[in-house]
Amino acid sequence: MEIRFTAFVLTAALMLSVELSAGGTFSSRLIHGYSDEAMSFWASKGKSVTCPKRESVEHMRLLLSNDLKRQRLKLGSQKQLLFPSEGSKTHFYGNDLSWLHYAWIDIGTPNASFLVALDAGSDLLWVPCDCVQCAPLSSSYYSMLDKDLNEYSPARSNTSKHLSCSHRLCELGPNCQSPKERCPYTVNYYSENTSSSGFLFEDKLHLTSVGGHEHQGSVLASIVIGCGSKQSGSYLNGAAPDGVMGLGPGEISVPSLLAKSGFLPHSFSLCFDKTNSGTIFFGDQGPENQRLSSFVSLDGNYNTYIVEVQRYCFGGTCLKQSGFQALVDSGSSFTYLPSEIFPKVVTEFEEQINATRLATEDFPYCYKASSRGLPNIPSMKLVLAANQSFVIQSPVFTISSDQGDNFYCVGILPIEGMIGIIGQNLMEGYRMVFDWENMKLGWSHSKCQDIGGSAKVPPTPPPSGLASNPLPTNEQQRSPGGHAVAPAIAGKPSAASLHAVSYWHCAMSSLLLSFVVWLPYLI
């Protein structure tokens, strides 16, 4: 018995017929997409196909139209990114706001602006709301701000609605007395006694699209917001006074909800340049030449951005038994090494820096600046899994004493346990890509101005009758191939909503790329 297969491969206006036999012979012939044989193939599939007469004006117009469509398809393969409608730029205020990076975002209808800290180590986006115990919001408390910070009020947003205790994203739902009650939340952070608590709401996050073949436009995304009525610890004392955007991989985070709603791949990037500013882009999966290392599980679970550090190196020499797992956390100002690794690193640092140490209250490894400036800082790097080098570009930072003296301090501190933290200070000069879609951390040298525009687009609601993407419920609203569906730009319907055009079956033979239909039959 011989088995043969005939394959029809549709590329441009041609079909390629391929025949394979068990005897090893291979033959092929080209069949025009509008030939009688092609029409017979569609007819055998029960499709009634009417194509214009060959070499007629209609025939040539159809071929030209399909060429243009193919060109648009190629342009559409360019990656689309989203960033906050207030702009992609992030802000750094040093010690004035606890050494964290911030971004302005717009929430609700009408929109209100919030200056949120960017934290890859947590999941929830929360803002001060119906405050009982919140940090001061007046600009008079913060010398670097020229306007007061906002307090969110669900009652003042036309698009706000509470999450009930029965909602699948309500983690504390089992503790509610009734499934219809408002869903409460409490988030505890690494910093001592630092937390935020309140209730969860759904509302709109205003974003701007850039890239792909669409013009820059506004996008409204349904997200979950923590109405933070009570803060404690560092957040009550002025760190992140206007809220925190959790960028972790948990279901409730903004990157996760954007991915599940079909906007973008589950990925984002943060870039921190040496001028203390940077960028944030949702959907960014990084350049082709970036270095990559896989995320690993923590206690058997994949629920945060953990990487495997195999060695800690000075120059070309790596310390023995210096491997550990590390959380990659943009919400941590500094880097923390496990208590067993830290002494090895600082001892080697001391031997190579050749400067007199002057410990401060919070930072044990500081060095007074001489008239010649910064001492000779040894080169350091982390070697991650798959032998990927992460060069530490800025291991020290500058602080000033009350007497006006400048000190250079090592931004690396010890932490209990075996899980370290790679903080913001080691990310400086890098475009950091948190690609949960492919379970990879990516990094590449960057000046943070090379992946799209950062112009502010005024937030505008969608026109009447055009709904923005809803908050996902139990199903992940993605295309069958696993790729995110393009978002509906305000004022324009998404491609998925367009109706079929005339000559559909005929055009398919010239539009589909690498479409293969295998017809098995026995001889």
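Worth saying up front: this structure is predicted, and the values here are computed from it rather than measured.

## Examining the overall build of the chain
At step 1: A count of helical and extended segments in the chain gives six helices and 30 strands.
At step 2: For the chain, with 523 residues in total, the buried portion stands at 49%.
At step 3: Within the chain, counting contacts between residues at least 6 apart in sequence, those at least 24 apart form 66% of the total.
At step 4: On the chain, roughly 25400 Å² of surface is accessible, and the fraction owed to carbon and sulfur atoms is 51%.

## A look at the pairing of strand S7 (residues 112-119)
At step 1: With seven of its eight residues buried, S7 lies for the most part within the structure.
At step 2: Examined bridge by bridge, S7 and strand S13 (residues 244-246) share three bridges and lie parallel to one another. Within S13, the residue paired with aspartate 119 across the bridge is glycine 246.

## Here's the deal with the environment of threonine 398
At step 1: Tracing the backbone through its elements, the reader meets threonine 398 in strand S24 (residues 396-400).
At step 2: With relative accessibility at 43%, the residue threonine 398 sits in the partly exposed group.
At step 3: For the pair threonine 398 and tyrosine 367, spaced 31 residues apart in sequence, the C-alpha to C-alpha distance is 9.6 Å.
At step 4: Threonine 398 has contacts with Trp99, Asn406, Phe407 and Tyr408, leaving out every residue within four places of it along the chain.

## Let's talk about unusual backbone geometry
At step 1: Omega for the bond connecting threonine 109 with proline 110 falls within 30 degrees of zero, at 0 degrees, which places this linkage in the cis form.
At step 2: With respect to the secondary-structure elements, proline 110 resides in the loop between strand S6 (101-107) and S7.
At step 3: Located in the positive-phi region is serine 98, a residue other than glycine, with phi close to 60 degrees.
At step 4: Since its relative accessible area comes to 30%, serine 98 is described here as partly exposed.
At step 5: In this structure, aspartate 299 is a non-glycine residue whose phi angle is positive, near 55 degrees.
At step 6: Mapped onto the elements, aspartate 299 comes out in the loop between strand S16 (291-294) and strand S17 (306-314).
At step 7: Residue classification places aspartate 299 among the exposed positions, given a relative accessible area of 73%.

## Overview of the pairing of strand S12 (residues 217-232)
At step 1: Among the 16 residues that make up S12, 15 are buried, leaving the element largely enclosed by the rest of the structure.
At step 2: Relative to S12, strand S8 (residues 125-133) runs parallel, the two being bridged by five bridges. When the sheet's bridge partners are listed, leucine 125 is paired in S12 with isoleucine 225.

## Quick look at the state of the cysteines
At step 1: For the coordinates displayed, the defined rule picks out seven disulfides.
At step 2: A sulfur-sulfur distance of 1.9 Å marks the disulfide that ties cysteine 366 to cysteine 409. Torsion about the S-S bond of the cysteine 366 and cysteine 409 cystine: about 110 degrees, corresponding to right-handed handedness. With cysteine 366 in strand S21 (residues 366-368) and cysteine 409 in strand S25 (residues 406-410), the pair connects residues that are 43 residues apart, well separated along the chain. As far as burial versus exposure is concerned, cysteine 366 and cysteine 409 are alike and both buried.

## Here's the deal with the confidence of the model for the chain
At step 1: Model confidence for the chain is summarised by a mean pLDDT of 77, while 70% of its residues fall at 70 or above.
At step 2: Note on residues 1-28: pLDDT under 50 across the span, and 95 contacts to partners over four residues away in sequence or across chains.
At step 3: Every residue in residues 453-467 scores below 50 in pLDDT, and together they form 31 contacts with partners more than four places removed in sequence or on other chains.

## Description of the UniProt feature "active site" (unreviewed entry) in the chain
At step 1: With numbering matched to this structure, UniProt assigns "active site" (unreviewed entry) to Asp119 and Asp329. Spatial clustering of the annotated residues is evident: they stretch over 211 residues in sequence, but the largest pairwise C-alpha distance comes to 6.6 Å.
At step 2: Relative to the helices and strands, aspartate 119 resides in strand S7.
At step 3: Among the residues examined, aspartate 119 registers a relative accessible area of 8% and is labelled buried.
At step 4: Residues in contact with aspartate 119, not counting those within four places in the same chain, are Tyr189, Val244, Met245, Gly246, Leu247, Gly248, Asp329, Ser330 and Gly331.

Cut-off values and rules
Residues numbered from 1 in each chain as written. Predicted model: local features only at pLDDT ≥ 70, side-chain atom pairs only at ≥ 80, totals over all residues. Heavy atoms only, no water. Helix = DSSP H or I, 4+ residues; strand = E, 2+ residues; numbered from the N terminus. Buried < 20%, exposed > 50% of the residue type's maximum accessible area, 1.4 Å probe, protein only. Contact = heavy atoms within 4.5 Å. Areas by Shrake-Rupley, 256 points an atom, 1.4 Å probe, with all protein chains shown as cover. Pairing = 2+ DSSP bridges. Disulfide = S-S within 2.5 Å. pLDDT = per-residue confidence, 0-100. UniProt positions renumbered as here; feature names shortened; annotations may be inferred.

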